[in-house]
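Below, each chain spelled out in residue letters.
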Amino acid sequence: MSIVKTGVRYANSPKAFGVLSFRNSVAAKQITNRFLTHGLLRAQLSTKSKALPSHQIEMKRGASPVSKASPRAKKPRPEVPEYHLTPSKRDELGEIIWPAPKAQIERARNFILDASAKKRTLIVPDKDADGLTSGAILQKTLVLLGLEPHLISAHLLQKGSNIHEESERASMAAHKPDYIFVLDQGSRKGPPVIDGPHKALIIDHHWALEDDFPEGADHVTACTSPPVATSSLLTYHICNELHEKVHKSCDWLCAMGTHGDLGNTLKWEPPFPDMKATFKTYTKKAVNDAVSLINAPRRTATYDVPAAWAALTAAGSPSDLLKNSSLLAARAEVNAEVDRCTHTAPKFSGDAKIAVFRISSAAQVHPVIATRWAGHLQSPKLEVILVANEGYLPGMVNFSCRIPRSARARIPPVNIIEVLKGIAAKAPNPTLRERLGESFARGHKEASGGIVPKAEFEEFMDILEIGKKPEGSSSPKKTKKEAVPKQSNTLMNYFGKQAAA
């Protein structure tokens, strides 16, 4: 109830007049006159309101002089340069070097032609869409060139393994190949691909130095020819000149592998080949859906890469893959596992440059989660998203790193491989880098990771000082608001005090 209404009622009561009479002062008379005036005015309004329309006496609240605060504008997403616009290197004649040095491409073509002359050939593709489509392009090309299918075999690596493991070398040697093609497996220095007579060609695009290849193997790599092409695009470029039917039978495989590594927003503009006719025939949606299906089996806990390879090599178009029940079931399983793990909260390094997500899954979902968070998590200091999976291989931690969208336009550009190596170099124990192994900080500058022992991974995490706030970032403690004293001099106790006096 308002003070005015209380005052009017009190002014018309006998108690009020008794109190005012007891204290016959000028102040009391002034207050009495005020209350009486309010009382009379209220009575007049009450009488007049019976005769007047309600709209003539109704008081409307005026517009507030303080305008409402406008909603905070969304921070614009940082502009990321189009991939195809990455400056290319040029040779002494001014021609761009793409997708790989010409000398390497010519040697690779001659190698394929030699293998097609009735030689026992082994194809060793990587497990993802880019690697599998590279292998499928090469296989189709060899058949077009006249190599009988029964002379072509494929070797698919075991879960968490690489071509340098002795068990894998023995399995490859069991095929007794004359020619070996290793596609999209990454590159590093090591012994010959197999023991015994053979010729090997490495087709790749992962970062490598000139001598980062198996002993005695030839190589063609896109890693030093920006914008770096995928292994499938490089293989397609090499094979397309060898037979007139390669384009028609393999263009969709090239599109699949390239979208699998570079994403489906890639613009197929120079230096990339013109694929308008390809996407008119198959549609980008069909190609992208086929990519997710081919990637699914290798992400499952059972690591069913053979199912993906069999489906891909038997398909004549992306639509053939969209109806494959085995691939559909694998994708459903992977999607469920991604949903389970993707809501893990991040923890940040002491310098706020690295966001770490720790999950445990028998499925290979850590690269997917890293890619997802890289598109959403933003910070002025953030440089790397790191997702570590402790449940993929016993005793090991598999981790994937991506550059967040907010850091992709930085100058100089973020180099994940160098970032990881730089952290390891800060270890109190100088042997940590060696103990992390050869599978640490491999891949691409923009998408790297590793497979390392759990104990060494914890040492690596200690260097990052996870959870420690950067200096000067602590927020001041909130001070408790002092209680505002209640008003003691009210209208009611005023009259009460006067009566007591």
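Here, residues in each chain are numbered from 1, in the same order as that chain's written sequence. The predicted nature of this model means local features are confined to residues of pLDDT at least 70 and side-chain atom pairs, given and counted, to a pLDDT of 80 or more, with totals for whole chains, interfaces and linings taken over all residues. Side-chain figures throughout are based on the complete set of non-hydrogen atoms in the structure, without hydrogens or water.

> Sorry if this is basic, but what is going on with the sheet that holds strand 8 (residues 384–389) here?
What the 6 strands build is an open sheet, ordered 6-7-8-9-11-10; its pairing is mixed. With partners counted over all chains shown, the strands left at the sheet margins are strand 6 (347–348) and strand 10 (440–443), one partner each. Of the strand pairs in this sheet, strand 6 and strand 7 (residues 354–359) are connected by 2 bridges, and their pairing is antiparallel. Across the sheet, F348 pairs through a bridge with A355, a residue of strand 7. Residues are treated as being in contact if the distance between any of their heavy atoms lies within 4.5 Å. The axes are straight lines fitted to the C-alpha atoms, using for helices just the contacting stretch, and the angles between their N-to-C directions are given from 0 to 180°. In DSSP terms, a helix is any run of H or I states spanning at least four residues, a strand is any run of E spanning at least two, and both are numbered starting from the N terminus. Where helix 15 (residues 366–374) meets the sheet, its contacts fall on strand 7, strand 8 and strand 9 (396–402), and the angle it forms with strand 9 comes to roughly 30°. Most of the contacts of helix 16 (residues 416–425) go to strand 10, to which it runs at about 170°, and overall it touches strand 7, strand 8, strand 9, strand 10 and strand 11 (447–453). When DSSP locates at least two bridges between a pair of strands, those strands are taken to pair.

> In this structure, what is going on with helix 12 (residues 305–314)? I would like to understand it.
Given 3.6 residues per turn, any residue in an α-helix points the same way as the ones three and four places further on. Inspection of helix 12 places V305, A308, W309, A311 and L312 among the buried residues, and these make up the whole buried set. Buried positions in helix 12, seen along its axis, are confined to an arc of 165° and lie on one side of it. Think of it in three bands: residues with accessible area under 20% of the maximum for their type are buried, residues over 50% are exposed, and the middle band is partly exposed, with areas taken using a 1.4 Å probe on protein chains only. Along the arc lie the directions from the helix axis toward the C-beta atoms.

> Hey, could you run me through the nonpolar core in this one?
In a soluble, globular protein the nonpolar side chains are often hidden away together inside. Here, the term nonpolar core denotes a set of buried Ala, Val, Leu, Ile, Met, Phe, Trp, Tyr and Cys residues that are joined through side-chain atoms within 4.5 Å. Membership of the largest hydrophobic core comes to 61 residues, with the highest contact counts inside it found for F181, V220, M256, I294, L312 and L321. Among the elements that line this core, the one with the most residues is helix 9 (residues 246–262), at 7 residues. With sequence-adjacent residues up to four places away left out, I294 is seen in contact with A129, L132, M256, A308, L312, L321 and L327. Among the nonpolar cores identified, the runner-up in size contains 27 residues, and V384, V452, F460 and I463 belong to it.

> Sorry if this is basic, but what is going on with the packing of aromatic side chains here?
Between two aromatic rings, the relevant description is the distance of the centres plus the angle of the planes. By convention, a stacked pair of Phe, Tyr or Trp rings (six-membered ring in the case of Trp) has centres within 6.5 Å and planes under 30 degrees apart, an edge-to-face pair has planes over 60 apart, and any other such pair is tilted. Under the criterion given, the structure shown has 11 aromatic pairs. Considering the side-chain rings of F399 and F457, the 5.9 Å spacing of their centres and the 40° angle between planes classify their relative orientation as tilted. With F399 in strand 9 and F457 in helix 18 (residues 454–464), this pair connects stretches of sequence that are 58 residues apart. On the basis of relative accessible area, F457 is assigned to the buried category, the value being 1%.

> Which parts of the structure should I look at to understand the packing of helix 9 against helix 11 (residues 284–299)?
Each pair of packed helices gets described by two things: the angle between the helix axes and the distance between those axes. As a packed pair, helix 9 and helix 11 sit with axes 9 Å apart at the nearest point and diverge in direction by 70°. It follows from the interaxial angle that helix 9 and helix 11 lie roughly perpendicular. Both helix 9 and helix 11 take part in a crossing whose hand is right-handed. Together, A255, M256, H259 and G260 of helix 9 and V287, N288, A290, V291 and I294 of helix 11 make up the contact between the two elements. The labels follow the angle: roughly parallel below 35 degrees, roughly antiparallel above 145, roughly perpendicular from 65 to 115, and oblique for the rest. Each crossing gets its hand from how the near helix is turned against the far one by less than a right angle, where anticlockwise is left-handed and clockwise is right-handed.

> Honestly, the sheet that holds strand 2 (residues 152–154) in this entry has me stumped. Any pointers?
Sheet strands line up and pair through hydrogen bonds in the backbone, either parallel or antiparallel. Spatial strand order, 2-1-3-4-5: 5 strands in an open sheet with parallel pairing. The sheet is open, and its two borders are formed by strand 2 and strand 5 (218–221), each paired with just one other strand. Taken over all neighbouring pairs, the strand axes of this sheet differ in orientation by 15° on average, direction set aside. Pairing of strand 3 (residues 179–183) with strand 4 (residues 199–204), which is carried by 5 bridges, proceeds in the parallel orientation. In the sheet register, V182 faces strand 4, and the bridge partner there is I202. Along the sheet face, helix 8 (residues 231–240) touches strand 3, strand 4 and strand 5 and points at about 120° away from the line of strand 4.

> Just checking my understanding: could you explain the pattern of salt bridges for this structure?
We define a salt bridge as a contact between a side-chain nitrogen of Lys or Arg and a carboxyl oxygen of Asp or Glu at a distance within 4 Å. All told, the structure shown has 18 salt bridges when counted by the stated rule. The closest approach of N and O atoms between E95 and K102, which form a salt bridge, is 2.8 Å. Residue classification places K102 among the exposed positions, given a relative accessible area of 54%. The salt bridge partner of R442 is E438, with a shortest N-O separation of 3.3 Å. Looking at R442, the relative accessible area reads 31%, which means it is partly exposed. You can call E438 partly exposed: its relative accessible area is 48%. Through salt bridges with shared partners, one network takes in E166, R169 and D195.

> Looking at this model, I keep getting lost on helix 16. Mind explaining?
Among the residues of helix 16, I416, I417, L420, I423 and A424 are the ones counted as buried. Projection of helix 16 onto a plane perpendicular to its axis shows the buried side chains occupying an angular sector of 130°, all on one side. The N-cap residue of helix 16 is N415: its side-chain oxygen and the backbone nitrogen of I417 are 3.1 Å apart. N or O atoms closer than or at 3.5 Å make up a polar contact, with two conditions inside protein: a donor-capable atom paired with an acceptor-capable one, and, for residues adjacent in sequence, both atoms drawn from side chains.

> So what exactly am I meant to see when it comes to the confidence of the model for the protein here?
Close reading of the predicted structure is inappropriate where its pLDDT is low. When pLDDT is averaged along the protein, the result is 86; 78% of the residues meet or exceed 70. The predictor's confidence in any single residue is recorded as pLDDT, a number from 0 to 100. The model gives residues 475–481 a pLDDT under 50, and that stretch makes 0 contacts with residues more than four places away or in other chains.

> When you look at the pairing of strand 9 in this model, what are you seeing that I'm missing?
Looking along a regular strand, one sees side chains alternate from face to face of the sheet. Strand 9 sits mainly inside the fold: 6 of its 7 residues count as buried. Where strand 8 and strand 9 come together, 5 bridges link them in antiparallel fashion. When the bridges of strand 9 are listed, L386 appears paired with C401. Between strand 8 and the antiparallel strand that follows it, strand 9, lie 6 residues; G395 among them carries a positive phi value of about 75°. With 7 bridges connecting them, strand 9 and strand 11 associate as antiparallel partners. Opposite R402, over in strand 11, you have A447 as the bridge partner.

> I keep staring at the side chain of T342 and nothing clicks. Help me out?
Tracing the chain through its elements places T342 in the loop between helix 14 (325–341) and strand 6. Classification of T342 by relative accessible area gives buried; the value is 9%. When residues no more than four places from it in sequence are discounted, the contact partners of T342 are I369, R372 and W373.

> Is there a simple way to explain unusual backbone geometry in this structure?
Trans is the common state for peptide bonds, and a negative phi is the common state for residues other than glycine. In this structure, P99 follows W98 across a cis peptide bond, with omega equal to 0°. In this fold, P99 is placed in the loop between helix 4 (54–57) and helix 5 (102–115). Omega for the peptide link from P226 to P227 comes to -10°, which places this bond in the cis form. Here P227 lies in the loop between strand 5 and helix 8. Of note, the phi angle at K118 is positive, near 55°, even though the residue is not glycine. Tracing the backbone shows K118 in the loop between helix 5 and strand 1 (121–125).

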